[in-house]
Amino acid sequence: MARTGELLEIDAEVDPIEELGAICRKVLDENGPAILFNNVQGYDYPVIANMLATPDRIAQAFEVPVENLTEEYTKRTSGAQLERQPLVDTAPCKEITIYKDELDIRQLIPQILSNPEDGGAYLNYGLVVMKDPDTGLRNLGIYRMQIRDGNRTGLWSSPTSHGGTIRVKGDMANKKAEIAVCIGCDPLLYVASQIPGLDLGVDEIELAASIRGEPYDMIRCDTVDLEVPAHAQMVLEGYILPNEKEEEGPYGEYPGYYGPVGQQPVIEFHHATRRKNPLYAYTYLGLPPTETHAMGQMMGEAGYLQKLRMSVAPTVKDVYCPLDMHTIIVSLKKTYEQQAKHVIYDL
Ligand SMILES: Cc1cc2nc3c(=O)[nH]c(=O)nc-3n(C[C@H](O)[C@H](O)[C@H](O)COP(=O)(O)O)c2cc1C
Ligand SMILES: [Mn+2]
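Every value quoted in this text rests on a predicted model; they were computed, and no experiment measured them. (Residues numbered from 1 in each chain as written. Chains lettered and ligands numbered in written order. Predicted model: local features only at pLDDT ≥ 70, side-chain atom pairs only at ≥ 80, totals over all residues.)

Draft legend 1. Structural detail: the overall build of the chain. The helix and strand tally for the chain stands at nine helices and 20 strands. For the chain, the C-alpha radius of gyration of 20 Å lies close to 20 Å, the compact-globule estimate for 347 residues. Each of the 347 residues in the chain was classed as buried or not, and the buried ones make up 42%. Of all intrachain contacts in the chain linking residues separated by at least 6 positions in sequence, the fraction that spans at least 24 positions is 68%. (Helix = DSSP H or I, 4+ residues; strand = E, 2+ residues; numbered from the N terminus. Rg over C-alpha atoms; globule rule 2.2 N^0.38 Å. Buried ≥ 20, exposed ≤ 12 C-beta atoms within 10 Å, placed from the backbone. Contact = placed C-beta atoms within 7 Å.)

In structure tokens:
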């Protein structure tokens, strides 16, 4: 094992079902580094875990000290003109094409069990690109997918998320929704995908580019009408099947216990592309601290502070999002009666 700063490299063979999640849990409990598993049993590629699991590492993605993160986010995004990203013709994410007949998601995607009672292996750190069918505008989010046979996965997208809204629109029109899942991308894309309070129609990839100060090269998918970041390690292309539900769960959730088994939507994948030597990105989920909590907290504070200052309360001094992921504490210099109520309405 070698630890260099924020990365722990493990060369020993690790079992993705029995060991990998447990190692992640131990390292997270010590607020430890990201982990690069170089030898995952059954797979040719390495797995990077818990990339942005501490506030410090999220701040590193912004290249600022952690105490400046919120103000820096405001500075880089307030009044920023979001711009279309350039399209390119060739891309690292397309070095290898896996056509429908050869596609086997269980072989392509490392089958990692986070917690022992999980209903199966999940793909839980894919950046999901979809389009609002009404406007054609792009959305980026992360939604867990329970991996099943037949190149099918589940899709748990909360009805409060834009991803959930797009899925429900597909159900209502009884039309399959195109989906591309990007694995292994620039940290700022993950960060931007977790900003709460954005309107449906704000493209988180364009937002990430304005945080970064530089555009992302994008490439068209082969079989769906979507564009993805050219630098991704792997891209899966598929459809969310309208009005089709299958049993999903249980899954070790962010409050530290298992969520229920329920009927959830289904994705069918039919195509994939990848780099020759890809790196698979994974994150452990369970009790805090985890990457999900760190991102929820840091991007919650940044996102809500900016949103509130731009709308009902320019005099909001600070926002604190505790790790329960359900509470928001706002410090406000009140300038009129009822303003606190308006802040609550706006969250
Ligand atoms: C690792 C990770 C896993 C997540 N899994 C889910 C999930 O399974 N379902 C969900 O609705 N949100 C999940 N989220 C939260 C959403 O990605 C987040 O709310 C995002 O802002 C949604 O974007 P959208 O509103 O554009 O759809 C996850 C976040 C992270 C960091
Ligand atoms: Mn969105």
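Draft legend 2. Here's a closer look at the site of ligand 1. Surrounding ligand 1, one finds 19 residues, the nearest of these being Gly-141, Arg-144, Ser-158, Ser-161 and His-162. Among the secondary structure elements, those contributing two or more residues to the shell around ligand 1 are β8 (138-141), α5 (162-173) and α8 (291-310). Of the residues belonging to the shell around ligand 1, the class tally is six nonpolar, twelve polar and one charged. (Near = placed C-beta within 6 Å. Nonpolar A, V, L, I, M, F, W, Y, C, P; charged D, E, K, R; others polar.)

Draft legend 3. Focus on the domain arrangement of the chain. Examined at the domain level, the chain breaks down into domain 1 (55-276) and domain 2 (294-346). Listed per partner, the contact involves 14 residues of domain 1 and 14 residues of domain 2. Elements with a contribution of two residues or more to the side of domain 1 that touches domain 2: α2 (55-62) and α3 (69-77). Broken down by element, the residue count for the side of domain 1 that touches domain 2 peaks at five residues, all from α3. Residues that form the side of domain 1 that touches domain 2 fall into these classes: eight nonpolar, six polar and no charged. (Domains from an automatic or database assignment.)

Draft legend 4. View of the nonpolar core. Ranked by internal contacts, the top residues of the largest apolar core, which has 93 residues, are Leu-52, Ala-180, Cys-182, Val-191, Val-228 and Val-235. Two domains each provide a minimum of three residues to this core, namely domain 1 (55-276) and domain 2 (294-346). Setting aside chain neighbours within four positions, we find Ala-180 in contact with Val-129, Cys-221, Val-224, Leu-226, Val-228, Val-235, Leu-236 and Glu-237. (Core = buried A, V, L, I, M, F, W, Y, C linked by C-beta atoms within 7 Å.)

Draft legend 5. Fine view of the pairing of strand β3 (residues 34-37). Pairing geometry for strand β2 (residues 7-10) and β3, over four bridges, is parallel. Each residue of the ladder has a partner; that of Glu-9, found in β3, is Leu-36. Traced from β2 through helix α1 (residues 20-29) to β3, the parallel crossover comes out right-handed. With three bridges joining them, β3 and strand β4 (residues 47-49) adopt antiparallel strand pairing. From the neighbouring strand, Phe-37 faces β4, where its bridge partner is Val-47. (Pairing = 2+ DSSP bridges. Right-handed = clockwise from strand over helix to strand, strands pointing away.)

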